[in-house]
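Given next are the chains, with one letter for each unit.
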Amino acid sequence: MDQRLHNWINWILYDELMEGKINAPKHLLGIHDYGEGQVITCFKPHSSGVSVKTPTGKTLIPMEKVGDDGFYGIYFPKKKIKGNKYRFVTDYYDGTSVETADCYSFDGQITDYDAYLFAEGKNYDIYEKMGAHPITIDGVKGTYFAVWAPDARRVSVVGDFNMWDGALNPMQIHPASGIYELFIPDVHPGAVYKFQILTRFGDILYKADPYGNQDQVRPDNANIVADLSYNWKDAAWIENRKKQDRVSRIKQPMSIYECHLGSWKKKIEDSDFGFYNYRELAEMLGDYIQEMGYTHIELMGIAEYPFDGSWGYQVTNYYAPTSRYGSPADFMYFVDEMHRRGIGVILDWVPAHFPRDAHGLGRFDGMPLYENADPRKGEHPDWGTYIFDYGRNEVVNFLTSNALFWVEKYHIDGLRVDAVASMLYLDYGKRDGEWVANKDGGKENLEAIALLQNINSVMEERNPGAYLIAEESTAWPGVTAPADMKGLGFLFKWNMGWMNDFLEYMKLDPYFRKFNHNRLTFSLSYTYSENYILVISHDEVVHLKCSMLNKMSGLEFDKFANLRTAYGFMCGHPGKKLLFMGQEFAQLREWSEARSLDWYLLDDPMHKGMQDFVKDLNHIYTQYDALYFNDNDVMGFEWTKVDDAESGIVAFVRRGSTAKDQLFFVCNFVPVERKSYRLGVPCLTSYKELISSDDPKYGGLGRNSKKAVKAEAVPCDRMKNSIVIDVPPLSVTVLKYDFKETPSGKKGSKN
């Protein structure tokens, strides 16, 4: 062996390399200046010889074999090779020869500033460095890999490009950050990979990339190198979105179609892989949502997950849209197409917990990393999942960057944050002894609160018009108050209280509803405390809770009438709207992720009538700003008849941005027709029926008023004026009018 080569080799690192324990391979491998000359070394196990190909490409210089395990080196007396301008030609015993650039000759991409910001939890663009990124460095194409694993002894990239051999591509640790990185030439999009981690205890783990952008289709769970470049065509949509501040956004209509892509429609029933592609779904769903009049689609469970039955709420890869329905480019097309059609896209996002799957985030580098080490803080006993360590800056960075990633890389308009209550309370779902109080002795999770406030603030600053929605089921104050006013900073909150009360009310036999009238009306006592979305979500039609239709009392005809009334009341109640797929046509069976919705039901006139009713409600909702403009202003809603529980009738007014096109709702929750029924109204004007759930085209019997009704100066329901109409049983009737002052100059209602 050349003595100069022998003198240069760090034999401690050499032993670590041979033992598979090296975490700084660039200190041993690659090209290095040594005195007046240069040393080049490489590790090519199972080879018969390696040569260096000079920058001109004309000269092959054989390298010396050091030992018998595949280590090679060469000393050049003069520095004649610059940087990475050389290649290895590796010969194998079977006669094959492979030429490649030297992965250990390329500079790292993680700067000291990157590492500093990451450690502070503020490197919001970290997803541009972490993960696997196809790039070109110094004219060489390949993939740059980076992963955070501070407690690992060694991390290697393994994949179909290196025979899944962890000895071939050990990664270089960045000083003091715990980030490992490596650029591997000639690895291109489509390559399959994982990280092989040697733990401090000597165990070998194979982990999926936490920042990976594409996964194999389950049950396989490795990552796929993905190119996230895409020619977006929604520039006008994004520019218009940027103009929407908090105030203007809450004054816009939102009628949301909650959808599980895999079971909306299946290409092949009774098949685990009979899914439509994102691109096919974009066309089919786009057509349907436009026809139905929805303004937004909310997608359940898009971030990659291993088990279909989790519906996407047990996430293993937070930066990868599930491959069940196609590639990242396919999903980008889906979002782009929705925007082309004027449809906003909301994703369900799950920062509250993650599953224990061996290839996922749990015990990622052999130690608790993304989860808190204390099981009282780091585990959900009821769910069997891990809780993110919200007090660790790098984990905070992971989650904050992930929220931004979906908005900035995939142009998502909003994120619905799942299980917020479980994040806010340290004792959520736990018994005494299973949780630890905060520093003040309370049960509030101060770190999670700070995380949510920061995500909302950063989102608003970096992506004006994008927003977060909280699924929060408690009375936590200020969920939708701005973070700089000590709120959590969400733009909207799901109104779980209204949903629970209203559904319990609608399940009752109409006779018993008069004893539970407060379930119908109580929500108006707090409706202005937050920016609410009224939801009837997937959670309400699973696990033996019955479909929406089968929640209703009575025989079939009454069930349909009840459900139409429920949807009509929901349309009129202040707050944005969300219905889960299938509810719009009265799906009979509970929802299952394993099968398509029962579209054949639309052959039945009653189900088709329900679909038409919801469609017309949606179009009325977006056409008349009385139904959304003042959702958060007391002037937008007024009860006119509310305290006559015995009659089962309530009536109310919705007001918009002008005195014109105001709406008067009359809801009858009992199966008793009220002919020539007098109701107090806001002013002396004509009231024209806009829609009635008893219309025959919706499945009713046509007992509604067909002609405009002129108000009379007859006091009723504490109002100075009134009208007389026929009120069908189990129905909602919506009347349109233009507000007019009374002749005396005073308003025609007592406010």
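Rules and cut-offs
Residues numbered from 1 in each chain as written. Predicted model: local features only at pLDDT ≥ 70, side-chain atom pairs only at ≥ 80, totals over all residues. Heavy atoms only, no water. Helix = DSSP H or I, 4+ residues; strand = E, 2+ residues; numbered from the N terminus. Expected span 1.5 Å × (residues − 1). Buried < 20%, exposed > 50% of the residue type's maximum accessible area, 1.4 Å probe, protein only. Contact = heavy atoms within 4.5 Å. Polar contact = N/O pair within 3.5 Å; in protein donor to acceptor, adjacent residues only side chain to side chain. Core = buried A, V, L, I, M, F, W, Y, C linked by side-chain atoms within 4.5 Å. Pairing = 2+ DSSP bridges. 1 Å grid on protein atoms, 1.4 Å probe; cavity = no way out; pocket = protein on both sides within 12 Å on 5 of 7 lines; lining within 4 Å. Points joined across faces, edges and corners; volume = space filled by probe spheres on them. Nonpolar A, V, L, I, M, F, W, Y, C, P; charged D, E, K, R; others polar. Phe/Tyr/Trp six-rings, centres within 6.5 Å; stacked < 30°, edge-to-face > 60°. Lys NZ or Arg CZ within 6 Å of the ring centre and 35° of its normal. Axes fitted to C-alpha atoms, helices over the stretch in contact; angles between N-to-C directions. Left-handed = near helix turned anticlockwise from the far one by under 90°.

1. Examining helix H7 (residues 278–292)
Right, on to step 1. Its 15 residues give H7 an end-to-end C-alpha distance of 20 Å, which sits within 8% of 21 Å, the value for a rise of 1.5 Å per residue.
Right, on to step 2. Within the sequence span of H7, burial applies to Tyr278, Leu281, Ala282, Leu285, Gly286, Tyr288, Ile289 and Met292.
Right, on to step 3. Close packing links the buried residues of H7 with strand S17 (255–259), helix H6 (261–264), strand S18 (296–299), strand S20 (317–321), helix H8 (328–340) and helix H18 (605–623).
Right, on to step 4. Looking at where H7 begins, the residue whose side-chain oxygen comes 2.7 Å from the main-chain nitrogen of arginine 279 is asparagine 277.

2. Some details on the nonpolar core
Right, on to step 1. Counting residues in hydrophobic clusters, the biggest one holds 200 residues, and the most contacted among them are Tyr257, Leu285, Phe331, Phe334, Tyr370 and Trp406.
Right, on to step 2. Considering each element in turn, this core owes the most residues, ten residues, to helix H10 (residues 393–410).
Right, on to step 3. Counting residues in hydrophobic clusters, the runner-up holds 18 residues, among them Tyr677, Tyr687, Ile723 and Val727.

3. What to know about the pairing of strand S33 (residues 686–692)
Successive side chains on a regular strand alternate, one facing one side of the sheet and the next facing the other.
Right, on to step 1. Both S33 and strand S34 (residues 709–710) contribute to a ladder of two bridges, which runs antiparallel. What sits directly across from tyrosine 687, in S34, is valine 709.
Right, on to step 2. Note: S33 against strand S36 (residues 731–737), four bridges, orientation antiparallel. Residue glutamate 689 lies in a different strand from S36, and its bridge partner there is leucine 735.

4. Things to note about empty space enclosed by the protein
Right, on to step 1. Applying the stated criterion to the full structure yields four cavities of 30 Å³ or more.
Right, on to step 2. Around the largest cavity, the lining is made up of 13 residues, and of these Ser255, Cys571, Lys577, Leu579 and Asn618 lie nearest the centre.
Right, on to step 3. Of all the elements, H18 adds the most residues to the lining of the largest cavity, at four residues.
Right, on to step 4. Residue classes in the lining of the largest cavity are distributed as ten nonpolar, two polar and one charged.
Right, on to step 5. Roughly 80 Å³ of volume is contained in the second largest cavity.
Right, on to step 6. Taken together, 13 residues make up the lining of the second largest cavity; nearest its centre are Val541, Met581, Gln583, Gln587 and Arg589.
Right, on to step 7. The class makeup of the residues in the lining of the second largest cavity is seven nonpolar, four polar and two charged.

5. Looking at the packing of aromatic side chains
Right, on to step 1. Here the structure, examined in full by the defined rule, presents 63 aromatic pairs.
Right, on to step 2. Pairing tyrosine 113 with tyrosine 116 gives two aromatic rings, centres 6.3 Å apart and planes at 20°, and the pair type is stacked. Here the residue tyrosine 113 and the residue tyrosine 116 both occupy positions in helix H3 (residues 112–120), the gap between them amounting to three residues, near one helical turn.
Right, on to step 3. Lying across the ring of tyrosine 305, arginine 324 places its NZ or CZ 3.8 Å from the centre.
Right, on to step 4. The positively charged end of arginine 513 is found above the aromatic ring belonging to tyrosine 505, 5.5 Å away from the centroid.

6. A closer look at the packing of H10 against helix H12 (residues 446–462)
Right, on to step 1. Packing of H10 against H12 brings their axes to within 10 Å, and their N-to-C directions diverge by 35°. Crossing angle aside, the handedness with which H10 passes H12 is right-handed. Contacts between H10 and H12 involve Val396, Leu399, Thr400, Ala403, Leu404, Val407 and Glu408 from the former and Leu451, Asn454, Ile455, Val458, Met459 and Arg462 from the latter.
Right, on to step 2. Of the residues contributing to the contact of H10 with H12, the split by class is nine nonpolar, two polar and two charged.

7. So, the sheet that holds S18
Right, on to step 1. Pairing is parallel around the closed barrel formed by eight strands, whose spatial order is S17-S18-S21-S24-S25-S26-S27-S28. Looking at each pair of strands side by side, their axes are set apart by 25° on average, direction ignored.
Right, on to step 2. Relative to S18, S17 is paired through four bridges, and the arrangement is parallel. Of the residues in S18, the one forming a bridge with tyrosine 257 is isoleucine 297.
Right, on to step 3. Packed on one face of the sheet, helix H17 (residues 556–572) meets strand S27 (532–536) and strand S28 (576–580) and runs near 150° to S28.

8. A look at the sheet that holds S36
Right, on to step 1. Here we have six strands laid out as an open sheet, ordered S29-S30-S31-S36-S33-S34, and antiparallel in their pairing. Looking at the sheet topology across the chains shown, the edges are occupied by strand S29 (637–641) and S34.
Right, on to step 2. The sheet strands contacting H18 are S33 and S36, and the helix crosses S33 at an angle near 135°.

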